[in-house]
Amino acid sequence: MSADGSELGELRRTVGQPTVADPIFTVRDCNVHYGDTHAIKDVSLDIGRGEVISLIGPSGCGKSTFLRCLNRMNDTIDIARVTGDIRLDGEDIYARKVDPVLLRARVGMVFQKPNPFPKSIYENVAYGPRIHGLARSRAELDDIVYSSLDRAGLYGEVKDRMEEPGTALSGGQQQRLCIARTISVNPEVILMDEPCSALDPIATAKIEDLMEELRENFSIAIVTHSMQQAARVSQRTAYFHLGYLVEVGETNKVFTKPLHRLTEDYVTGRIG
Amino acid sequence: MAEINRKELKSAAETRKLVESSLRSRYARERRFQAYGIAAVVASVAFVGFFFITIIAQGHTAFFQTYVKLDIDFDPVVIDPEGGREPQALSSANYQKLVKTSLEKLFPDVSGRSDKRTLNSMVSTGAIYELRDLVLADASLIGKTRSLWFPADDELDMYFKGRVDVDVDETSRRFNDKQVLWAESLREQGRIEKRFNTIFFTSGDSRDPELSGIWAAAKGSFFMLLVTIVIAFPMGVAAAIYLEEFAPKNRWVDLIEVNINNLAAVPSIIFGLLGLAVFINFFSLPRSAPLVGGLVLALMTMPTVIIASRSAIKAVPPSIREAALGLGASQVQTVTHHVLPLALPGMLTGAILGLARALGETAPLLMIGMVAFIVDIPQTPLDPSSALPVQIYLWADSPERAFVERTSAAIIVLLAFLLLMNAAAVWLRSRFERRW
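Residues numbered from 1 in each chain as written. Chains lettered and ligands numbered in written order. Predicted model: local features only at pLDDT ≥ 70, side-chain atom pairs only at ≥ 80, totals over all residues.

For chain B, the helix and strand inventory stands at 18 helices and three strands. Taken against the 2.2 N^0.38 rule, which gives 22 Å for 436 residues, the C-alpha radius of gyration of chain B at 32 Å runs more than 25% over that of a compact globule. With 436 residues in all, chain B has 35% of them scored as buried. Taking the intrachain contacts of chain B between residues at least 6 apart in sequence as the baseline, contacts between residues at least 24 apart amount to 78%. (Helix = DSSP H or I, 4+ residues; strand = E, 2+ residues; numbered from the N terminus. Rg over C-alpha atoms; globule rule 2.2 N^0.38 Å. Buried ≥ 20, exposed ≤ 12 C-beta atoms within 10 Å, placed from the backbone. Contact = placed C-beta atoms within 7 Å.)

This is the structure:
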């Protein structure tokens, strides 16, 4: 089922609650173009401090693109052009004086496919703190590595095999290693781009539990294709469609009483 | 729009029959396809095998050299008639006479100028220099008699290596019947020995085949490759990294890319002309020097290195780059910490294969004067020198029978180096290859 003209008109206005009282990220009128393709259209959305927000929607709706605006990963794509006002803690992250390197230290990212470096488990986690100069001594670095692994729920499984390559772990362990690597630089926000799509249900459950714990210290934005996952882990949910942010609101409301017909079609399984 | 005729579905048995009958022709096609492949492989292996067998059959004898034992009487009357033992007098003495005397003693019934000259020519002229060096090193030898081994002249050497066909009419041979008799007589007296040919591996070129060697050329090649790798590898890798990771994607960069690819296909002799014009005529670098040869070969190898390095960089999964960037690594850190280590085996493989090609290159060296008759072993990259393939080319052009086997032997040495370099490339690839 595709959107006809009148629906496109409806799409332009986001329904629900895009703003929150205590935002860490505020995004206003964000547009992204890939060459001639208009991937994100006039999206305005807040991400609250200490919340998990799910971004859902059919494939190609722009949710991953939106996520990649938040840590300027789109900069690495030559043809991508981002406009609009995106602020982290009130600071425009696309301002000229903002260094994307520093920004990415503050906004960590976990990718769809686990992508540990082809180095040892220890080195995988130690890399971030090392390049950012977070540890002044080897002991301090050890502390950061072990506590990051511990917070990612991986320490017990790997404590005797720190020198083994990170790529030798199972898929779920690799993803938790990537999470440990991300939290090792102590970011303010963690972006997760379908972190469980390559994992089995048990590994997925572990990561979902982990997100619940991580929420105490970090704000999390997660892109997911699994509506059950969105319902389980997030407090708020944003529904994207054809580059528009259609609806955003509290997760249980979006899933039980969606305001927009497209959202309803999607969450009830009629499209997507 | 075409009319669609909805036919009745075929029965299962009928479908099965059709598939079975098509299977036979499909399998036949597969077998035929495999046969073509096998034929191609067999043909290329046969050619390579034929090539190796010919070269080795021709060349292996050059690794041994016939030596002749002579009883040399260090006659003071000949060497130092004045008795002063002055180095000047000792070095200019007539050592040829010592060899002559010794040979005449062995064959007292040889008479006539022409026969005597033929007899004398059975021992290499190198004997004279060897005797001089012995006397200069130890003057107490004068007045004594010593049994010494000297390299045989190339014709005698060829005779003992079975490369002289005695059934051919004497007039069309360079080794006549008398020489055959003398050679056999020497052999009966135990004065002939075949030894490992150290001369071949330690000396430079010579007009006398038995005194010629590949060391000067090998050293020239070594210096040249050294210059090539020092210049081509870092520059090629740097260019590849810049083009792959940093350069904006615009028309200029596309143009550069196309030109690099074209450069890889430019005939090597053109690079020789360029080297002549730029390095020798403009920068006034010395002619025939391995430095210039290395620079020219570096220019020639660089496109290959760039192309190989770029594909090695491209083969690094983008997820690794994203992981590093997402963690806050700068672009240079991402490249040096992650992309480069992963791409290095591929880069090295490409560089070594490029160098192997440079090692075998002759044409550009002709243009910069490295096709020279080099007797002295080059000590620095600025000394006049030739290179292994050039030496092969020069020997292949020489009329002496003995240069035929030396040509093949030099080819064997060159091939050994090439195989060694290719093996190194394979080893590097397997040693540093990582899986992710």
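Moving on, there is more to tell.
Along its length, chain A carries 11 helices and 11 strands. In summary, chain A has a C-alpha radius of gyration of 19 Å against a globular reference of 19 Å for 272 residues, a match within 12%. Expressed along its principal axes, the backbone C-alpha trace of chain A runs to roughly 60 × 45 × 35 Å. Counting across all 272 residues of chain A, residues that qualify as buried make up 47%. If you take every contact in chain A between residues at least 6 apart in sequence, the share linking residues at least 24 apart comes to 70%.

Time to look at the pairing of strand S5 (residues 80-88) of chain A. Residues and elements named next belong to chain A. Strand direction decides the pairing type here: strand S2 (residues 23-34) and S5, joined by eight bridges, are antiparallel. Its bridge partner being in S5, Tyr34 is matched across the sheet by Ala80. Both S5 and strand S6 (residues 91-92) contribute to a ladder of two bridges, which runs antiparallel. Each residue of the ladder has a partner; that of Arg87, found in S6, is Asp92. Between the antiparallel neighbours S5 and S6 lie two residues, among them Asp89 with a positive phi of about 55 degrees. (Pairing = 2+ DSSP bridges.)

For the rest of this paragraph, the subject is the nonpolar core. The tendency in soluble globular proteins is for nonpolar side chains to be buried as a group. The biggest cluster of nonpolar side chains holds 79 residues, and the ones touching the most others in it are Leu55(A), Val189(A), Leu191(A), Ile220(A), Ala221(A) and Phe240(A). Leu225(B), Val237(B), Met300(B) and Leu414(B) belong to the second-largest nonpolar core, a separate cluster that totals 61 residues. (Core = buried A, V, L, I, M, F, W, Y, C linked by C-beta atoms within 7 Å.)

Right, let's talk about the environment of Ile352(B) for a bit. Residues and elements named next belong to chain B. Inspection of the secondary structure assignment puts Ile352 in helix H15 (residues 331-359). Residue classification places Ile352 among the buried positions, given that 24 C-beta atoms sit within 10 Å. Spatially, the C-alpha atom of Ile352 lies 9.9 Å from that of Leu428, the residues being 76 residues apart in sequence. If sequence neighbours within four positions are ignored, Ile352 has contacts with Met421, Ala424 and Ala425.

Okay, the interface of chain A and chain B next. Opposite the 21 residues of chain A that make contact, chain B presents 18 residues. Going through the elements one at a time, helix H3 (100-106), strand S7 (107-110) and helix H4 (121-132) of chain A are the ones with two or more residues in the side of chain A that touches chain B. Among the elements that make up the side of chain A that touches chain B, the one with the highest residue count is H4(A) (four residues). Among the residues forming the side of chain A that touches chain B, the class breakdown is 10 nonpolar, seven polar and four charged. (Nonpolar A, V, L, I, M, F, W, Y, C, P; charged D, E, K, R; others polar.)

Another point: the packing of helix H10 (residues 215-246) of chain B against helix H17 (residues 388-396) of chain B. Residues and elements named next belong to chain B. Remark: H10 packs on H17, axes separated minimally by 8 Å, with the N-to-C direction vectors making an angle of 145 degrees. Each of Ala217, Ala218 and Ser221 in H10 lies in contact with H17, whose residues at this interface are Leu388, Val390 and Gln391. Its residues assigned to classes, the contact of H10 with H17 comprises four nonpolar, two polar and no charged. (Axes fitted to C-alpha atoms, helices over the stretch in contact; angles between N-to-C directions.)

A few words now on unusual backbone geometry. Residues and elements named next belong to chain A. Although it is not a glycine, Arg72 adopts a positive phi angle of roughly 55 degrees. Relative to the elements of secondary structure, Arg72 occurs in the loop between helix H2 (63-70) and S5. What makes Arg72 buried here is the crowd of 21 C-beta atoms within 10 Å.

A separate point is the sheet that holds S2(A). As a general point, the strands of a sheet are linked pairwise by backbone hydrogen bonds and lie either parallel or antiparallel. Taken in spatial order, the four strands make up an open sheet running S3-S2-S5-S6 (chain A), and their pairing is antiparallel. Edge positions in the sheet fall to strand S3 (37-48) and S6 of chain A, since each has one partner strand and no second.

Moving on: the confidence of the model for chain B. Here chain B averages 89 in pLDDT, and 99% of its residues register 70 or above. Complex prediction metrics read pTM 0.81 and ipTM 0.87. (pLDDT = per-residue confidence, 0-100.)

A few words on helix H5 (residues 138-151) of chain A. Residue and element names in this part refer to chain A. Taking 1.5 Å per residue, 14 residues should reach 20 Å; H5 reaches 20 Å between its end C-alpha atoms and fits that length. Along H5, the positions that sit buried rather than exposed are Ile144, Val145, Ser148, Leu149 and Arg151. Along H5, the residues classed as buried sweep out an arc of 165 degrees about the axis, all on the same side. Looking at the residues trailing H5, positive phi occurs at Gly153, about 70 degrees. (Expected span 1.5 Å × (residues − 1). Arc of directions from axis to C-beta.)

With that settled, the discussion passes to H4(A). Residues and elements named next belong to chain A. Within H4 the residues assigned to the buried category are Ile121, Asn124, Val125, Ala126, Tyr127, Gly128 and Pro129. Buried positions along H4 lie against H5, helix H6 (155-158) and helix H7 (171-183). Looking at the residues trailing H4, positive phi occurs at Gly133, about 65 degrees.

Before going further, it helps to spend a moment on the environment of Ala363(B). Residues and elements named next belong to chain B. In this structure, Ala363 sits in helix H16 (residues 363-367). Through-space distance from the C-alpha of Ala363 to that of Val390 is 8.6 Å; in sequence the pair is 27 residues apart. In this structure Ala363 touches Ser268, Ile269 and Gly272, once residues within four positions along its chain are discounted.

With that settled, the discussion passes to the sheet that holds strand S8 (residues 189-193) of chain A. Residues and elements named next belong to chain A. The strand order across the open sheet formed by seven strands is S1-S11-S10-S4-S9-S8-S7, and the pairing between neighbours is mixed. Looking at strand neighbours, the two that pair on one side only are strand S1 (15-16) and S7, the edges of this open sheet. Of the pairings in the sheet, the one linking strand S4 (residues 52-56) to strand S10 (residues 236-241) comprises four bridges and is parallel in character. Bridge pairing in S10 links Leu55 to Ala238. Contacts from H7 reach S7 and S8, with the element oriented near 170 degrees to S7.

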